[in-house]
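Chain by chain, the residues run as shown.
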Amino acid sequence: QVQLVESGGGLVQPGGSLRLSCAASGITFSFYRMAWYRQDPGRQREFVAQITGDGSPHYADSKTGRVTISRDNAKNTVYLQMNSLKPEDTAVYYCYAAYSSISYWGQGTQVTVSS
């Protein structure tokens, strides 16, 4: 079976940092475009960052400069480093994998930025 398991979320103070991880299993990981999305109650799921199988990143304009997406194909893991966190970064962050017509979502990890 396919699994995308997020980890690394939690409570941080404004200005702090977190690194989220998404460990994939059941897929040929290096083939997949990986991405991170966020969602708050009452809002649509929003794109944060993506990275191609060969490591080319792309970021949402609102996140550029504060987040870095990376991947380790040997570990079947994609990361989202988040710095200078703000209260408005609070959301559930979801891992996404896509290849051809196939896509998968993780179950999400909660990030809360609060003093």
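See the structure above.
Residues numbered from 1 in each chain as written. Predicted model: local features only at pLDDT ≥ 70, side-chain atom pairs only at ≥ 80, totals over all residues. Heavy atoms only, no water.

1. Quick look at the packing of aromatic side chains
Ring pairs (aromatic) are described by centroid distance and by the angle formed between their planes. Scanning the model with the defined rule gives eight aromatic pairs in all. With a centroid separation of 5.0 Å and 65° between ring planes, the pair formed by Tyr 37 and Trp 105 is classed as edge-to-face. Of this pair, Tyr 37 sits in strand S4 (residues 33–39) while Trp 105 sits in strand S10 (residues 102–105); the two residues are 68 residues apart in sequence, bridging distant segments of the chain. What makes Tyr 37 buried here is its relative accessible area of 17%. Pairwise contacts between aromatic rings join Tyr 37, Phe 47, Tyr 94, Tyr 96 and Trp 105 into one cluster. Note that Arg 45 overlies the ring of Tyr 94, its terminal NZ or CZ placed 3.7 Å from the centroid. Cation over ring: Arg 71 sits above Phe 29, and NZ or CZ is 4.4 Å from the ring centre. (Phe/Tyr/Trp six-rings, centres within 6.5 Å; stacked < 30°, edge-to-face > 60°. Helix = DSSP H or I, 4+ residues; strand = E, 2+ residues; numbered from the N terminus. Buried < 20%, exposed > 50% of the residue type's maximum accessible area, 1.4 Å probe, protein only. Lys NZ or Arg CZ within 6 Å of the ring centre and 35° of its normal.)

2. Things to note about unusual backbone geometry
Here the phi dihedral of Ser 84 falls at roughly 50°; this positive angle occurs in a residue that is not glycine. Its place among the elements puts Ser 84 in the loop between strand S8 (77–82) and strand S9 (91–99). Of note in the backbone geometry, Ser 100 takes a positive phi value of approximately 55° without being a glycine. Take Ser 100: it is sitting in the loop between S9 and S10. Judged by its relative accessible area of 71%, Ser 100 falls in the exposed class.

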